[in-house]
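Residue-level structure breakdown
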There are 2 protein chains.
Amino acid sequence: MKASAGIREPRKLTGKGQATRERILEQAAELIYTKGVHATNNEQLRRAAGVSGSQLNHYFPTKESLILAVIEWRAERVLSFHRSERFASFDSLDALQEWADFYVGFERAHQEGCTLGSLASEIIKTDLDVHDQLADAFDQWRDIFRNGLQRMQELGRISADADPTRLANLLLSAFQGGMLLSQVQRNAAPLRDALQAAIDYVQTFETALDCASPRLQ
Amino acid sequence: MKASAGIREPRKLTGKGQATRERILEQAAELIYTKGVHATNNEQLRRAAGVSGSQLNHYFPTKESLILAVIEWRAERVLSFHRSERFASFDSLDALQEWADFYVGFERAHQEGCTLGSLASEIIKTDLDVHDQLADAFDQWRDIFRNGLQRMQELGRISADADPTRLANLLLSAFQGGMLLSQVQRNAAPLRDALQAAIDYVQTFETALDCASPRLQ
C-alpha cells in the first residue's frame, strides 16, 4: 500500500471541499494531540469539525487515510515553523538559542509533547502503514538543522571539525527525548537542560572561542 | 487512586502464585513491547502466558493494574541493568561509552525503541493513572547518570564547571529521542550520533583535556 493511498488530494476538491477537508484535519490533529490517537473516535471528530459521518467518510474513508493526512498536516506545520524567518535557516548559535527558548517557554509542549513526535511514538508499533511518511518528515526536519550547521561552517562560525549530521541528530534527539521527559515530569526542566546542553556543545565548535583555533594561537 | 491500586503485591502470594504472576508479566511486557499497548488484548496474553481468564483476572483485575505492573517490571529491569557492574556506576567516560556501544549494537532497540520509553510514549496521553509511576522510574534513571557524573567530578575526572543534572538530562534525552528517530528511520544512525555527541560533550569537561584547566596553565 502506498503512503498516499486513501488520501483524496486537495487539488481535486472544490474550494468548499478543501475548506471542509482542512477543518476536519485541524480538528483531528487537535483531538489526537490532546487525547492521543486511540482515544480519538469518529463521533468526537464529527462533532468537533461539524460534519456528517458521510462527509467524514468522503474525505477520509479509512482511519489510516486520516492518520496519514494528520501526519502530513503536522509535519507541514512543524517544518514551516522551523523554516520561518524567525530562525534564520539556523545559521547561527543565536538562532538555535531562539529555537530552544521558544519551545522551553511553550507550556503546552511540556503537557502534550511534540506535535509530531508524540504522534509518531503512539503509532510506530501499530499496523498502520505510516512508516515512510514519518521517516520523510523527520528526515526533512533533521536536514533543516544539518543545512544550518553546514552554513555555519561555510561562514566560518563553527570549525571544520564539527560534524553537521551528528550535531543535527543530537539536536533533534535532545528535542524529542527532552519533550518526552518533560511530559512525564510535568515541567520544562528536562527539555531545557537537554536543549541547552546540546547547544552548548555546538558552541564548543565556535571558532572564536575554540582554544585550539589557529586564530588564537 | 494511588499508583499501586489494583496490584496484588507479590509478597502476599505463594511461591507458585508469584511464578504465575511473573509469567503473565513477562509475556505482557513482551507483547506490549512488540505490538504496542493498544494492540495487546487479554486473549493474546492468556495464550502467551498459558493462563485462564480467571487467573489473569485474579492477578490483574483491570487493564490499569496490568499496565502499572508492566511499567514496574520494565523499570526494574532497565534500572538494574544500568546499575550493573558492567557500567561501574557511570563514573568514567569509558563507562558512558560502553553504555552507548551496547544500545547502538542492540538491534531490537532500533526496531521497537526503548522498552520503557516506548511504553511511556504510548500511554502518557491516556486516562490510565500511570503518571507518578513513570515519573519515578525516569527520575531514578536520570539519577544514575547524575550520580555517576558527580562522582566523576569528585574524582577530578571532569571539571567543576560541568552541571551533572544538565548532562544527565542530555544523556537520557539523547537516548530517548535517538531511540525514537532510529525506530522511525529503521537504523541505528540517529541513536549512534546522538549518544556519541552527548558523550563527546561530557568529554569536553574532561580535566586533562580542558584547555581552561588551571593544571595546564
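On a predicted model such as this, the values are computed, not experimentally measured, just so you know.

What follows deals with the environment of A:S52. Residues and elements named next belong to chain A. Along the polypeptide, S52 turns up in the loop between α2 (42–49) and α3 (53–59). Its relative accessible area of 28% is what places S52 among the partly exposed residues. Sequence separation between S52 and N42 is 10 residues, and the spatial gap between their C-alpha atoms is 9.9 Å.

Our next topic: the nonpolar core. A general feature of soluble globular proteins is that nonpolar side chains tend to end up buried together. Core analysis: the biggest nonpolar cluster contains 144 residues, and A:W99, A:W141, B:W99 and B:W141 have the highest contact counts within it. Residues within four places of A:W99 in sequence aside, it is in contact with A:H82, A:F87, A:F90, A:F145, A:L171, A:F175 and A:L195.

Mapping chain A onto chain B is achieved by rotating through 180° and translating by 0.0 Å along the same axis, at an RMSD of 0.0 Å. Interpreted geometrically, this transformation is the action of a two-fold axis. Within chain A, the C-alpha atom positioned nearest to the axis of rotation is that of A:G177, 2.0 Å from it. An overlap of 100% is found between the interface residues of chain A and their copies at the interface of chain B, pointing to a shared contact surface.

Before going further, it helps to examine the UniProt feature "DNA-binding region" (unreviewed entry) in chain A. Here, the residues flagged by UniProt with the feature "DNA-binding region" (unreviewed entry) are residues 41–60 of chain A. Across residues 41–60 of chain A, the secondary structure splits into 75% helix and 0% strand, with the terminal C-alpha atoms separated by 13 Å.

Position of B:R142 among the secondary structure elements: in helix α8 (residues 131–154). According to the relative accessible area criterion, B:R142 is buried, its value standing at 6%. The residues contacting B:R142, other than those within four sequence positions of it, are A:L181, A:Q185, A:P190, B:A168, B:N169 and B:L172.

Right, let's get into the environment of B:R186. Along the chain, B:R186 falls in the loop between α9 (164–185) and α10 (189–203). For the pair B:R186 and B:H110, spaced 76 residues apart in sequence, the C-alpha to C-alpha distance is 6.3 Å. When sequence neighbours within four positions are dropped, the list of residues in contact with B:R186 reads A:H131 and A:D132. Within the structure, the side chain of B:R186 is placed 3.2 Å from the side chain of A:H131, a separation counted as a polar contact.

Right, let's get into the interface of chain A and chain B. Contacts between chain A and chain B engage 47 residues on the former and 47 residues on the latter. Note on chain A versus chain B: buried area summed over both sides is about 3,900 Å², and carbon and sulfur give 63% of it. Three residues, A:K125, A:R166 and A:V184, lead the burial of chain A against chain B; their summed loss comes to 19% of the area buried on that side. Linking chain A with chain B are 4 salt bridges. The salt bridge involving A:D200 is made with B:R166; its shortest N-O contact spans 3.4 Å. Breaking the side of chain A that touches chain B down by element, the ones donating at least two residues are α1 (15–35), α7 (117–123), α8 (131–154), α9 (164–185) and α10 (189–203) of chain A. For the side of chain A that touches chain B, a count of residues per class yields 19 nonpolar, 17 polar and 11 charged.

Residue and element names in this part refer to chain A. Applying the stated rule across the entire model yields 24 salt bridges over all chains. Between R46 and E43 there is a salt bridge, with the nearest N and O atoms lying 3.2 Å from each other. Here E43 and R46 lie together in helix α2, a separation of 3 residues that amounts to about one turn. Residue class for R46 comes out partly exposed when judged on its relative accessible area of 26%.

About the thresholds
- Residues numbered from 1 in each chain as written.
- Chains lettered and ligands numbered in written order.
- Predicted model: local features only at pLDDT ≥ 70, side-chain atom pairs only at ≥ 80, totals over all residues.
- Heavy atoms only, no water.
- Helix = DSSP H or I, 4+ residues; strand = E, 2+ residues; numbered from the N terminus.
- Buried < 20%, exposed > 50% of the residue type's maximum accessible area, 1.4 Å probe, protein only.
- Core = buried A, V, L, I, M, F, W, Y, C linked by side-chain atoms within 4.5 Å.
- Contact = heavy atoms within 4.5 Å.
- Least-squares fit on C-alpha atoms with pLDDT ≥ 70 in both.
- UniProt positions renumbered as here; feature names shortened; annotations may be inferred.
- Polar contact = N/O pair within 3.5 Å; in protein donor to acceptor, adjacent residues only side chain to side chain.
- Buried area = accessible area lost by both parts, 1.4 Å probe.
- Salt bridge = Lys/Arg side-chain N within 4 Å of Asp/Glu carboxyl O.
- Nonpolar A, V, L, I, M, F, W, Y, C, P; charged D, E, K, R; others polar.

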